[in-house]
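Remarks on the overall topology
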Amino acid sequence: MDKPKVVLGVSGGIAAYKACELLRRLTESGHDVRVVPTASALHFVGAATWSALSGNPVSTEVWDDVHEVPHVRIGQHADLVVVAPATADMLAKAAHGLADDLLTNTLLTARCPVVLAPAMHTEMWEHPATRENVATLRRRGAVVIEPAVGRLTGVDTGKGRLPDPAEIFEVCRRVLARGVREPDLAGRHVVVSAGGTREPLDPVRFLGNRSSGKQGYALARTAAARGARVTLVAANTGLPDPAGVDVVPVGTAVQLREAVIKAAADADAVVMAAAVADFRPETYAAGKIKKKDDKDPDPIVLVRNPDILAEISADRARPGQVVVGFAAETDDVLANGRAKLRRKGCDLLVVNEVGERKTFGSEENEALVLAADGSETPVPHGPKEALAETVWDLVVDRLS
Ligand SMILES: Cc1cc2nc3c(=O)[nH]c(=O)nc-3n(C[C@H](O)[C@H](O)[C@H](O)COP(=O)(O)O)c2cc1C
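**Regarding the layout of surface pockets**
There is about 1000 Å³ of room inside the largest pocket. What lines the largest pocket is a set of 42 residues, and nearest its centre among them are A274, A275, V276, D278 and K340. Going through the elements one at a time, β8 (189-195), α9 (214-225), β15 (302-304), α11 (308-314), β16 (322-329) and α12 (333-344) are the ones with two or more residues in the lining of the largest pocket. Among the elements that make up the lining of the largest pocket, the one with the highest residue count is β16 (4 residues).

**Points about the sheet that holds strand β5 (residues 143-144)**
With respect to topology, 5 strands assemble into an open sheet ordered β2-β1-β3-β4-β5, the strand pairing being parallel. Sheet topology places β2 (32-37) and β5 at the edges, where each strand pairs with a single neighbour. Here 6 bridges tie strand β1 (residues 5-10) to β2, and the two strands are oriented parallel to one another. In the strand pairing of β2, G9 is matched with V36.

**Brief notes about the packing of aromatic side chains**
Enumeration according to the criterion identifies 0 aromatic pairs in this entry. Its end group placed over the ring of W125, R131 keeps NZ or CZ at 4.5 Å from the ring centre.

**Side note on the nonpolar core**
Among the nonpolar cores identified, the biggest contains 35 residues, and L219, V230, W392 and V395 are the most heavily contacted of them. Residue assignment for this core shows that the elements contributing at least two residues are β8, α9, β11 (229-235), β13 (269-272), β16, β17 (348-353), β18 (364-371) and α13 (384-399). Counting residues per element, this core draws most heavily on α13, at 8 residues. Ignoring sequence-local partners within four residues, the contact set of V230 consists of V190, V192, A220, A223, A224, V245 and D246. Formed by 32 residues, the second largest nonpolar core is a distinct cluster that contains L8, A41, W50 and A84.

**Considering the packing of helix α8 (residues 165-178) against α13**
Two packed helices can be described by the angle between their axes and the distance between those axes. Relative orientation of the contacting elements α8 and α13 amounts to 60 degrees, with a least axis distance of 13 Å. Judged by the inter-axis angle, α8 sits oblique to α13. Crossing handedness for the pair α8 and α13: right-handed. Seen from α8, the contacting residues are E170, R173, R174 and R178; seen from α13, they are E385, E389 and D393.

**As for the site of the ligand**
Close to the ligand lie 15 residues, the nearest being G12, T38, T87, A88 and D89. A distance of 3.4 Å is found between a nitrogen atom of the ligand and a backbone nitrogen or oxygen belonging to I14. Contact between the ligand and A88: an oxygen atom at 2.8 Å from a main-chain N or O atom of the residue. Relative to its free-state accessible area of 640 Å², the ligand is covered by the protein chains to the extent of 66%. Element by element, the count of residues in the shell around the ligand is highest for helix α4 (residues 88-96), at 4 residues. Taken together, the residues of the shell around the ligand break down into 7 nonpolar, 6 polar and 2 charged.

**Focus: the sheet that holds strand β12 (residues 245-250)**
Here 8 strands make up an open sheet; going across it, the order is β12-β11-β8-β13-β16-β17-β18-β19 and the pairing mixed. With one partner strand each, in any of the chains shown, β12 and β19 (376-383) form the two edges of the open sheet. Neighbour-to-neighbour, the strand axes of the sheet open up by a mean angle of 15 degrees, direction not taken into account. Its contacts with the sheet put α13 on β8, β13, β16, β17, β18 and β19, and the angle it makes with β19 is roughly 150 degrees.

**Some points on the environment of V396**
Residue position: V396 is located in helix α13. Judged by its relative accessible area of 15%, V396 is buried. Distance in space between the C-alpha atoms of V396 and R188 is 10.0 Å, their sequence separation being 208 residues. If we ignore the near neighbours within four places in the chain, the residues touching V396 are D184, L185 and R226.

**Overview of the side chain of K340**
Looking at the secondary structure, you find K340 in helix α12. Judged by relative accessible area, K340 falls into the buried class, the value being 16%. Apart from the residues within four sequence positions on either side, K340 is in contact with F326, A327, E329 and L349.

**Some remarks on helix α10 (residues 253-264)**
Between its terminal C-alpha atoms α10 stretches 16 Å, which fits the 16 Å expected from 12 residues at 1.5 Å a residue. Taken as a whole, α10 has its buried residues at A253, L256, A259, V260, A263 and A264. All buried residues of α10 fall inside an arc of 125 degrees around its axis, so they share one side. Along α10, the residues that are exposed and aim more than 90 degrees away from the buried face are E258 and K262. In this structure, the buried side of α10 is in contact with β8, β9 (199-202), β11, β12, β13 and α11.

**Focus: the pairing of β1**
Taking burial as the measure, the 6 residues of β1 include 5 buried ones, the bulk of the element. Running through helix α1 (residues 18-28), the crossover from β1 to the neighbouring parallel element β2 is right-handed. Bridging between β1 and strand β3 (residues 80-86) involves 4 bridges; their strand directions are parallel. In the sheet register, G9 faces β3, and the bridge partner there is V83.

Cut-offs used in this document
- All chains use their own residue numbering, which begins from 1 and follows the written sequence.
- Note on the predicted model: pLDDT of at least 70 is required for a residue's local features to be given, and 80 or more for side-chain atom pairs to be given and counted; whole-chain, interface and lining totals, by contrast, use all residues.
- The basis for every side-chain value is the complete set of non-hydrogen atoms in the structure, without hydrogens or water.
- Method remark: on a 1 Å grid restricted to protein atoms, a set of points is classed as a cavity if a 1.4 Å probe fits but cannot get out and as a pocket if it is open with protein on both sides within 12 Å along at least five of seven lines; lining residues have an atom within 4 Å of a point.
- Grid points are joined across faces, edges and corners, and a volume is the space filled by probe spheres set on the points.
- Put simply, DSSP H or I for four residues or longer makes a helix, DSSP E for two residues or longer makes a strand, and each gets a number counted from the N terminus.
- Two strands are said to pair when DSSP picks up at least two bridges between them.
- What counts as a ring pair is set by centres within 6.5 Å for rings of Phe, Tyr and Trp (its six-membered ring), and what kind of pair is set by the plane angle: stacked under 30 degrees, edge-to-face over 60, tilted for all other angles.
- Two thresholds decide whether a charge sits over a ring: the Lys NZ or Arg CZ must be within 6 Å of the ring centre and within 35 degrees of the ring normal.
- Here, nonpolar core refers to any group of buried Ala, Val, Leu, Ile, Met, Phe, Trp, Tyr and Cys residues whose side-chain atoms link them within 4.5 Å.
- Burial classes: relative accessible area under 20% of the type maximum marks a residue as buried, over 50% as exposed, and values in between as partly exposed (1.4 Å probe, protein chains only).
- Residue contacts follow a heavy-atom distance rule, with two residues in contact if any of their heavy atoms lie within 4.5 Å.
- Inter-axis angles, ranging from 0 to 180 degrees, are taken between N-to-C directions of lines fitted to C-alpha atoms, where helices are fitted over the stretch in contact.
- Any angle between 65 and 115 degrees counts as roughly perpendicular, while under 35 counts as roughly parallel, over 145 as roughly antiparallel, and the rest as oblique.
- Helix crossings get a hand from a simple test, with the near helix turned counterclockwise from the far one by less than a right angle marking a left-handed crossing and a clockwise turn marking a right-handed one.
- A molecule or strand has a residue near it when one of that residue's heavy atoms lies within 4 Å.
- Residues adjacent in sequence count toward polar contacts only when both atoms are side-chain atoms; beyond that, a polar contact is any pair of N or O atoms within 3.5 Å, and within protein one must be able to donate a hydrogen and the other to accept it.
- For the area figures, the Shrake-Rupley method with a 1.4 Å probe applies, and any residue is considered shielded solely by the protein chains shown.
- Amino acids outside the nonpolar list (Ala, Val, Leu, Ile, Met, Phe, Trp, Tyr, Cys, Pro) and the charged list (Asp, Glu, Lys, Arg) are all regarded as polar, and Gly is one of them.
- For a helix, the expected span equals 1.5 Å multiplied by the residue count minus one.
- The arc under discussion is defined with respect to the helix axis, by the directions toward the C-beta atoms.
- When the strands point away from the viewer, a crossover counts as right-handed if the path from the first strand over the helix to the second runs clockwise.

Below, the structure written as structure tokens:
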């Protein structure tokens, strides 16, 4: 089988060097990558690096190898075009259909999915011209990854940093897997909760659970690759931030509730994949609880935590908002799942069986998605991303 053909466009931003790692990941995972840098990009990383790492020729202008008509052919044959970093200038050119070098010509001739990973100073990113260009590109179906917040070129920090290349690679992988389908969550805001809450007993101990957060992160990643603006409320995960996703870290169930309700105010969908503790210790000891040699330990009294899924299902922040819950069950999975769907009042409930070596921490999952309308969608054993895609398919059906 032919390798998928990826065009890696690199424009003239300080983050151009990070595209070398993206290129490495693409080639090592079996993609045929043609790097098309702009002339400005070559001030940052030279053509020799791009050519040696990709194993393909590199040019910036339409005037090289004219007999092969590269300004048309490269775009026509691509399965994916990703531009990382995409400068403010490149976004403006792409939005307005300019074609004064090989990369801008390629963007006009490509009929495959296009991913743009902007990186620039916060002022440039926030400028109304850039905002409008990004909106235009998104409206036309490009996946424009939100820049990360962090250290920029100089000593300053803010929004505008290129996300981690490993995470841009994940977006590319998801977009390639979906093919030429429209990014069907474009213009939508979705909220995903992930991880497991920790309910503190004292400054060093907590009651927690085994959730790794991987399923929630897969949901966030896949939604971003389908064009959504994503808020990920992450409880104690320690996983890298997915590219283009706004991550809100939380610790306890009460903090998770607050963050989810705030983010859900303008959300089209809320997916509660986090494992939220049902109970928390009634009291919190300000100092470490000491062992007393001659006495049994004091019992831990638990109190109920808020039922966030039931609350947001009953009190939708906006009409038509789709709410999805997860039910991790150890036994009688189906009956418990059906009862939970009714009790919680959500639109969809993803039911899966969990155990010490099942689901938690693993890269794979198997589930049944129960819907309030009575339908059931089985998702066979496979990567957590496959389950995430099915959840978004079902959410999109309900949004439209
Ligand atoms: C040191 C340096 C760093 C730059 N970093 C960025 C950047 O991160 N993002 C950006 O939009 N422009 C950046 N620029 C400005 C672009 O290089 C400039 O707009 C150029 O015309 C972009 O050309 P291109 O879009 O054809 O690559 C930088 C310029 C310099 C000199």
